[in-house]
Amino acid sequence: MSASAGPEPGLSADLRGAVGSFRIEAGLEAPAGRVTSVFGPSGAGKTTLLRAVAGLTRLDGRVSAFGEVWQDADGAFVPPHRRGVGFCFQEPALFSHLTVAENLAYARRRAPERPGAPVSAAVVERLELAPLLDRTPAGLSGGERQRAALGRALLSNPGVLLLDEPLSGVHLGARGRILDWLRGLARDLGLVVLQVSHDLGEVIRFAHRIALISDGRITAIGPAGTILAGEGIRAPRFEASVVLVARILDTADAAGLSTLDLDGQRLRVAGMGGQPGRPVRLRVRARDVALATTRPEGLSIRNVLDGVIRELRDQPGTPFIEVVVAVGGAGSRNLLLARITRAAATELELAPGRPVHVLLKSVCLEDP
Amino acid sequence: MEAQAVWPPIRLTLELAGITTVFLLLLGTPLAWWLARTRSRLREPVAALVALPLVLPPTVLGFYLLLALGPEGPGGFVARLFGEPSLAFSFPGLVIGSVIYSLPFAVQPIRGAFEALGNRPLEAAATLRASPWDAFWSVAIPGARSGLVAGAVLGFAHTVGEFGVILMIGGNIPGTTRVLSIAIYDHVELLEWETAHWLSGGLLVFSFAVVSLTLSLTRRREADPA
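Residues numbered from 1 in each chain as written. Chains lettered and ligands numbered in written order. Predicted model: local features only at pLDDT ≥ 70, side-chain atom pairs only at ≥ 80, totals over all residues. Heavy atoms only, no water.

Q: How should I be thinking about the overall build of chain A in this particular structure?
A: Of regular secondary structure, chain A possesses 8 helices and 20 strands. Taken against the 2.2 N^0.38 rule, which gives 21 Å for 368 residues, the C-alpha radius of gyration of chain A at 22 Å falls within 12% of a compact globule. If one aligns the C-alpha atoms of chain A with their principal axes, the spans along those axes are about 70 × 50 × 40 Å. Counting over 368 residues, chain A shows a buried share of 55%. Long-range contacts, defined as pairs at least 24 residues apart, comprise 66% of the intrachain contacts of chain A with a sequence gap of at least 6. Accessible surface computed for chain A: about 15500 Å², of which carbon and sulfur atoms make up 50%. (Helix = DSSP H or I, 4+ residues; strand = E, 2+ residues; numbered from the N terminus. Rg over C-alpha atoms; globule rule 2.2 N^0.38 Å. Buried < 20%, exposed > 50% of the residue type's maximum accessible area, 1.4 Å probe, protein only. Contact = heavy atoms within 4.5 Å. Areas by Shrake-Rupley, 256 points an atom, 1.4 Å probe, with all protein chains shown as cover.)

Q: Is there a simple way to explain the interface of chain B and chain A in this structure?
A: Put simply, an interface is often sized by how much accessible area is lost when its parts join up. Contact residues are listed per partner, giving 21 residues for chain B and 25 residues for chain A. Taken over both partners, the interface formed by chain B and chain A buries close to 1900 Å², and the fraction arising from carbon and sulfur atoms is 61%. Considering only the side of chain B, the residues that lose the most area to chain A are Thr127, Leu128 and Arg129 of chain B, jointly responsible for 40% of the buried surface there. Where chain B touches chain A, the interface holds 2 salt bridges. With a closest N to O distance of 2.7 Å, Arg110 of chain A and Asp134 of chain B form a salt bridge. Across the chain B-chain A interface, the total number found is 6 residue pairs in polar contact (both at pLDDT 80 or more). When contributions to the side of chain B that touches chain A are tallied by element, the ones reaching two or more residues are helix 6 (120-127) and helix 7 (132-143) of chain B. Of the residues that constitute the side of chain B that touches chain A, the class distribution is 11 nonpolar, 4 polar and 6 charged. (Buried area = accessible area lost by both parts, 1.4 Å probe. Salt bridge = Lys/Arg side-chain N within 4 Å of Asp/Glu carboxyl O. Polar contact = N/O pair within 3.5 Å; in protein donor to acceptor, adjacent residues only side chain to side chain. Nonpolar A, V, L, I, M, F, W, Y, C, P; charged D, E, K, R; others polar.)

Q: Would you mind going over the layout of surface pockets with me for this structure?
A: In this approach the atoms are scanned with a rolling probe the size of a water molecule, which exposes any empty space left behind. All names here are of chain B. Reported here for the second largest pocket is a volume of approximately 560 Å³. Those elements that provide at least two residues to the lining of the second largest pocket are helix 1 (3-37), helix 6 and helix 7. It is helix 7 that contributes the most residues to the lining of the second largest pocket, 4 residues altogether. The residue makeup of the lining of the second largest pocket, split by class, is 10 nonpolar, 5 polar and 4 charged. (1 Å grid on protein atoms, 1.4 Å probe; cavity = no way out; pocket = protein on both sides within 12 Å on 5 of 7 lines; lining within 4 Å. Points joined across faces, edges and corners; volume = space filled by probe spheres on them.)

Q: Whenever I open this one, the sheet that holds strand 15 (residues 289-292) of chain A confuses me. Can you help?
A: In a beta sheet, neighbouring strands are held together by backbone hydrogen bonds and run either parallel or antiparallel to one another. Residues and elements named next belong to chain A. Pairing is antiparallel in the open sheet, where 5 strands are placed in the order 15-19-16-17-18. With partners counted over all chains shown, the strands left at the sheet margins are strand 15 and strand 18 (335-341), one partner each. Neighbour-to-neighbour, the strand axes of the sheet open up by a mean angle of 45°, direction not taken into account. One ladder, built from 6 bridges, connects strand 16 (residues 303-314) with strand 19 (residues 355-360); its direction is antiparallel. Bridge pairing links Val308 to Pro355 in strand 19. (Pairing = 2+ DSSP bridges. Axes fitted to C-alpha atoms, helices over the stretch in contact; angles between N-to-C directions.)

Q: Looking at this model, I keep getting lost on the nonpolar core. Mind explaining?
A: As a rule of thumb, nonpolar side chains are buried together in soluble globular proteins. Among the nonpolar cores identified, the biggest contains 112 residues, and Leu11 and Leu182 of chain A are the most heavily contacted of them. At 12 residues, helix 5 (residues 91-117) of chain B tops the list of elements feeding residues into this core. Every residue in contact with Leu182 of chain A, bar those within four places of it in the chain, is listed here: Leu150, Leu154, Leu161, Leu163 and Phe206 of chain A. If you look at the next biggest cluster of nonpolar residues, it comprises 34 residues, including Leu291, Val325, Leu337 and Val358 of chain A. (Core = buried A, V, L, I, M, F, W, Y, C linked by side-chain atoms within 4.5 Å.)

Q: Is there a simple way to think about the side chain of Thr21 of chain B in this case?
A: Residue and element names in this part refer to chain B. Structurally, Thr21 can be placed in helix 1. The class for Thr21 is buried, based on a relative accessible area of 10%. Residues within four places of Thr21 in sequence aside, it is in contact with Ala152, Gly155 and Phe156.

Q: Help me out: how do you make sense of the pairing of strand 12 (residues 257-262) of chain A in this one?
A: Successive residues of a regular strand alternate their side chains across the two faces of the sheet. All names here are of chain A. With 5 of 6 residues buried, strand 12 lies mostly within the body of the structure. With 3 bridges connecting them, strand 11 (residues 241-250) and strand 12 associate as antiparallel partners. Bridging across to strand 12, Ile248 finds its partner in Leu260. Note: strand 12 against strand 13 (residues 265-270), 6 bridges, orientation antiparallel. Its bridge partner lying in strand 13, Leu260 is registered against Leu267. Linking strand 12 back to strand 13 in an antiparallel pair, the connection comprises 2 residues, with Asp263 at a positive phi of about 50°.

Q: What am I meant to see in the pairing of strand 7 (residues 160-164) of chain A here?
A: Residues and elements named next belong to chain A. Most of strand 7 is tucked away, with 5 of its 5 residues classed as buried. Relative to strand 7, strand 6 (residues 85-88) is paired through 4 bridges, and the arrangement is parallel. From the neighbouring strand, Gly86 faces strand 7, where its bridge partner is Leu161. Of the pairings in the sheet, the one linking strand 7 to strand 8 (residues 192-197) comprises 5 bridges and is parallel in character. Bridge pairing links Leu163 to Gln195 in strand 8. Of the crossover connections in this fold, the one passing from strand 7 over helix 5 (residues 172-189) to the parallel strand 8 is right-handed. (Right-handed = clockwise from strand over helix to strand, strands pointing away.)

Q: Got a minute to help me understand the environment of Ile19 of chain B in this structure?
A: All names here are of chain B. Inspection of the secondary structure puts Ile19 in helix 1. Residues Ile19 and Pro85, spaced 66 residues apart in sequence, show a C-alpha to C-alpha distance of 22 Å. Those residues within four positions of Ile19 in sequence are excluded, and the remaining contacts are Phe91 and Val95.

Pasting the structure below:
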């Protein structure tokens, strides 16, 4: 199990069945404390999968969470209201006869106590709900409704938070802040967060783990970096990048740098604290990665890793190609993406299996 | 015009319509809920049965009710448990007849409101840990309130305007079964035109108010679907 999978048990689902003429057969694991994104095209079964986990749509198979069986092949079936799931629907289902404040109170009243769970005031502040509290849902914009519905779901103190495009109507800045906060909540409270999205930017920003779904089947699942690099997913509007998980060895030496361990290789990065041994997530943009066939000398770039080329991906219509490089041995799960010109690749005779030196111009830290 | 002649039928009519409305809501709401949500094959037959009084001549309905409530019918059997010979020609008999006769007028708007509400708010309630029973009271009933009010108003009003069924099963017993519509019929028969005018005019105004209220409730629901 990789570091980003987390040690705690979370949600495990293995579901199959038909909804109308659509067949779904999907199994996935979502660890506690982590955000798992289910990513795929429209009509792939993302929403059905989420609904089945919540028990709103009944499929065959097995679902368990935190060691508790929610349904199994013997016919056991825990109804949705006893599963302790929070569900944000794509079209927010606020109760129209209640104000926003009363909608939040509806959830709060029925929620069990959970130490450390966000109180109403924190939810109102983080989701910027204060100006909406006395209003009824009919007068709210789509984004406002989504924020209120997310707040309501959080206040029911769910162990499993199921998000179906929860912030599609919220403008980008606020969406980023809210997603960052949710990631922190998931980690601090040990929540399972299962999110559905077809917005790759959101997935990249939010997900620790990604499950790819297509035509009712999970085609790949794993740490976000591995899946994004391995499956060749790129967002047209977002830069290609990968997420690596490294471990802190030492923080803030005399030069103000911290040393990280990445599959046995050392990385030195600026400006971070944290306990030695703690995992950290690094985002590396493809355009910040350069490749060399001989060990370079006299460079300002401090981080040079050894890697093996796994794959070359042509970018038709551009002068670039992307090179997938495994760092830490050919079988490593830590993959880097380098965006270089096709001319350079030809000149250096880059090909799969060839060892290369990987130069990292810059590395962004993400919270673990 | 004698006050004595005017008020007893009015009071009796209001009593009958009020009690009938309570029973209409108690029976009609679960029935409307079932009709709005079930996937049973029995749904259409049951819906047709409930709607039958809309098309059946009141005399036909009244005739069968008379048989059912009379000494030989199940109503008579129940009545004997309470030491009465029959439910026909009694106030409880009128209530039973009125509930059946007005049921479609109460059930239709309530069913419509439940259908308009849809499944989504109930699913949301379930994911907020509300049991189905809890969600019914905290989400479905408040969400369908305009339909419930419309159903109650229409059921009440339709009971006030009832004539044929009551004549068949209740007759014309002053203070027990002599309701407004029957009193008006009597006054006209006896050429007491002034009293008939007052009572009829009152009913006309009342009916107009009821229809206006119901229409405005229905329109508000359409304007505010969220």
